[in-house]
Every structure is written in C-alpha cells, then in structure tokens.
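# Reading the structure
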Amino acid sequence: MHDAPTWDPQQYLRHAGHRTRPFHDLLTRINELPPQQGPARIADLGCGPGNVTALLAERWPDAHITGYDNSLEMLKEAELYAGPTKGGGHLDFSVADAADWAPDEPHDLIVSNAALQWVPGHADSFARWIESLKPGGTFAFQVPGNFTSPSHALLGELCDAPPWRDRLKTHGRRFVHILGPADYLERLADLGCETDVWETTYVQLLHGDDPVLDWVKGTALRPVLTALEDDPAARDAFLTEFRDLLRKAYPTGRHGTVFPFRRIFAVARKPETADS
Ligand SMILES: C[S@@+](CC[C@H](N)C(=O)[O-])C[C@H]1O[C@@H](n2cnc3c(N)ncnc32)[C@H](O)[C@@H]1O
C-alpha cells in the first residue's frame, strides 16, 4: 500500500462549497433508516475535517454517528464538531484505516464521501460492510470519477517525466483502482442490495488566480506535496511546472475558470429480510 499523504484541512476547506454539494446530492437519495428502539448507528469513512459528518447529524439528529479517518490532521479539525447533537444523539471521531475497518456493532448507515478513491481495493470491503448493516440499512458513497481529466492526467504525466520520475514515481496516479459506475452497481447488486448508482459532472466555476492548482493542492496533489515536504525548492519548481500546464488546460474565461468535475455515486440498501 502507498504511504499516507499529509493532509491540510484548511487548504481542503478552501473549496468547501463545491466539495460539499455532491454530499448533499448523495444524502437526498438515502431513504429512511430502519425503524428501531435505540439511536440509529451511523459511520462516516474518511470523514476528513468533519463538516460533512456534521450534515449527517442534521439529517439524523438522534443518531450515534462516528467519523473515521486515518489522518490525525483531519481528525483534529473534525473534533470541533464532536459532542451531543441537537436531537439527543452523539457525534464522535476516531482514527481508523478504511482499508481494514469493520464495525463492532450492526449499523443503520455506512457513508463515505470523496474518500474511497484513496483506498485501493475498496470494493473488496463492500461485502464486509454490507454484512454489518442491519436489515434495511444503507451503504452510500461518492467518489471522484475525473482521473482522465486534464487536472489529473497532467499530474500523472508530470510525475512520470524527468526530473521527477525517480522521486515521485506513482504519486500522480493514485486513483487508477476506481471502478466505473456499472462495475459498482454489479458489485453491490451481487451482494443482494437494491442499488442506485449514477454519475454527474459538476461544471464548477472557480475564481481567483490558478484556482485549479489551488483545488488540487487540497486533494490530488497531497502525495506529491508530502513527498517533497523536505525540499521546498523542488516543491516550488514542481508547482510552477504544474501550474503552467494547468493554465493552458483551464484558461481563465469571461466568468472565471471552468473546472468540470465528474463524480460517481452509489446507494445500496440491504433487504429487510433475506428474500425481500
Ligand atoms: C478528500 S477528503 C474527503 C473528506 C470528507 N469525507 C469530505 O467529504 O469532505 C479524503 C479523506 O479520506 C481520508 N482517507 C484517505 N485514505 C484513508 C484510509 N485508508 N482510511 C481512512 N481515511 C482515509 C483522508 O485522510 C481524507 O480526510
């Protein structure tokens, strides 16, 4: 497995509006949770700075919700949201690697937003996660599906080219294991779930200087920035080269910089009974 990159919650949150919209869209497709006596149990895998986990608490205010992440930087930020929720529920955060995370009790909902692209082989965990859902429970996730777009393809090409190749190796191509929407649908349907899978390209309008570079500094560039952490001159040289490539690929238009972003969504509901 790759080394985990260092995350910068503040850089990530600079585009929080655009980054949160797909989570709202995912939430609208999640039906009610199974009826029960006690509080619903919800997990958010790869919760990041916790702002989307807090949206889960708004939708299910009496639930016990735990956000899991393997970045201590992100969890420190997320802790600001921890505590009792307004409907008598509870929100907490915990360190965990989604690659081997397994719930220790039956869950009503397992959610992951913009995180599983960092977890190679994540689809092999679907069976384990769905097994741990209560009957009628839901597993829902969203992953970026834009890894052939210039922002990511150019990053891969630059990392593969001299003089960067020896130092950056595969850091520009971390997401090749993301499946297509039809593959996700088949995997989840094979597990007996009612599935709802779709894709959307958000045509995002960004503002400011070099906004696409600023965007990827919060996400896809993290492995490169981590690898060059101890060599600021090399980091700056890399950023200048990459910035120039991005300027050509995403020129500033009359209204700002248009940055199309494809995302893949899946909602899988476990049947109420074995044969329902
Ligand atoms: C792009 S952020 C998404 C954060 C949040 N879910 C959101 O929608 O804003 C990706 C998050 O996944 C986390 N992550 C990456 N690999 C992980 C792993 N193997 N286990 C747990 N978290 C992981 C990162 O630390 C980061 O916080």
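Because the structure is predicted, anything quoted here is derived from the model rather than measured. (Residues numbered from 1 in each chain as written. Predicted model: local features only at pLDDT ≥ 70, side-chain atom pairs only at ≥ 80, totals over all residues.)

A cis amide bond links Pro-162 with the next residue in sequence, Pro-163, at an omega value of 5°. For Pro-163, the location among the structural elements is in the loop between helix H6 (150-160) and helix H7 (165-168). Its identity is not glycine, yet Ala-114 carries a phi of approximately 55°, on the positive side. Inspection of the secondary structure assignment puts Ala-114 in the loop between strand E5 (107-113) and helix H5 (126-131). Phi at Asp-210 is positive, roughly 45°, even though this residue is not glycine. (Helix = DSSP H or I, 4+ residues; strand = E, 2+ residues; numbered from the N terminus.)

The next subject is the sheet that holds strand E4 (residues 90-95). Across the sheet, 8 strands lie side by side as E3-E4-E2-E1-E5-E6-E8-E7; this open sheet has mixed pairing. Edge positions in the sheet fall to strand E3 (83-84) and strand E7 (194-206), since each has one partner strand and no second. Pairing analysis gives 7 bridges linking strand E6 (residues 133-144) to strand E8 (residues 257-269), with the strands arranged antiparallel. Looking across to E8, one finds that Thr-138 is bridged to Arg-269. Here helix H3 (residues 51-59) sits on the sheet and contacts strand E1 (41-45), strand E2 (64-69), E4 and E5; the angle it forms with E2, its principal contact strand, is near 165°. (Pairing = 2+ DSSP bridges. Contact = placed C-beta atoms within 7 Å. Axes fitted to C-alpha atoms, helices over the stretch in contact; angles between N-to-C directions.)

Another aspect to go through is the environment of Pro-260. Looking at the element boundaries, Pro-260 is found in strand E8. Put simply, Pro-260 and Asp-214 are 46 residues apart on the chain and 15 Å apart in space, counted from C-alpha to C-alpha. In contact with Pro-260, not counting residues within four places along its chain, are Ser-149, Thr-201 and Val-203.

Once that is clear, we can look at the site of the ligand. Neighbouring residues of the ligand: 20 residues in total, closest Gly-46, Gly-48, Ser-71, Ala-115 and Trp-118. When its residues are assigned to classes, the shell around the ligand shows 11 nonpolar, 6 polar and 3 charged. (Near = placed C-beta within 6 Å. Nonpolar A, V, L, I, M, F, W, Y, C, P; charged D, E, K, R; others polar.)

Following both chains from N to C, one finds helix H2 (residues 16-28) and H3 inclined at 35°, their axes separated by 10 Å at the closest point. Relative to H3, the crossing made by H2 is right-handed. Counting all contacts with H2, which are made through Ala-16, Thr-20, Phe-23 and Leu-27, the residues of H3 involved are Asn-51, Val-52, Leu-55 and Arg-59. The class makeup of the residues in the contact of H2 with H3 is 5 nonpolar, 2 polar and 1 charged. (Left-handed = near helix turned anticlockwise from the far one by under 90°.)

Counting residues in hydrophobic clusters, the biggest one holds 46 residues, and the most contacted among them are Ile-42, Ile-110 and Ala-266. Here Ile-42 is in contact with Leu-56, Trp-60, Ala-63, Ile-65, His-107, Asp-108, Leu-109 and Val-111, once residues within four sequence places are set aside. Core analysis: the next-biggest nonpolar cluster, separate from the first, contains 17 residues, Leu-155, Ala-227, Phe-242 and Tyr-250 among them. (Core = buried A, V, L, I, M, F, W, Y, C linked by C-beta atoms within 7 Å. Buried ≥ 20, exposed ≤ 12 C-beta atoms within 10 Å, placed from the backbone.)

Moving on to the environment of Arg-19. Tracing the sequence through the fold places Arg-19 in helix H2. You can call Arg-19 buried: it has 21 C-beta atoms within 10 Å. Separated by 33 residues in the primary sequence, Arg-19 and Val-52 have C-alpha atoms spaced 9.6 Å apart.

Attention shifts here to the environment of Ala-127. Position of Ala-127 among the secondary structure elements: in helix H5. Separated by 61 residues in sequence, Ala-127 and Leu-188 place their C-alpha atoms 8.3 Å apart.

Attention shifts here to the pairing of E6. With 6 bridges joining them, E5 and E6 adopt parallel strand pairing. Note that in E6 the partner of Ser-112 across the bridge is Phe-141. Read as a crossover between parallel neighbours, the route from E5 over H5 to E6 is right-handed. (Right-handed = clockwise from strand over helix to strand, strands pointing away.)

This brings us to the packing of H6 against helix H11 (residues 232-249). Helix packing geometry: the angle between the two helix axes and the distance between the axes. The interhelical angle for the contact between H6 and H11, taken along N-to-C directions, is 145°, at an axis separation of 10 Å. H6 and H11 meet at a crossing whose hand is right-handed. Contacts between H6 and H11 involve Pro-150, Ser-151, Leu-154, Leu-155 and Leu-158 from the first element and Glu-241, Phe-242, Leu-245, Leu-246 and Ala-249 from the second. Its residues assigned to classes, the contact of H6 with H11 shows 8 nonpolar, 1 polar and 1 charged.

What follows concerns the UniProt feature "domain: Methyltransferase" (unreviewed entry) in the protein. Under the local residue numbering, the UniProt record ascribes the feature "domain: Methyltransferase" (unreviewed entry) to residues 42-137. End-to-end, the C-alpha atoms of residues 42-137 are 10 Å apart, and along that stretch the chain is 23% helix and 31% strand. (UniProt positions renumbered as here; feature names shortened; annotations may be inferred.)

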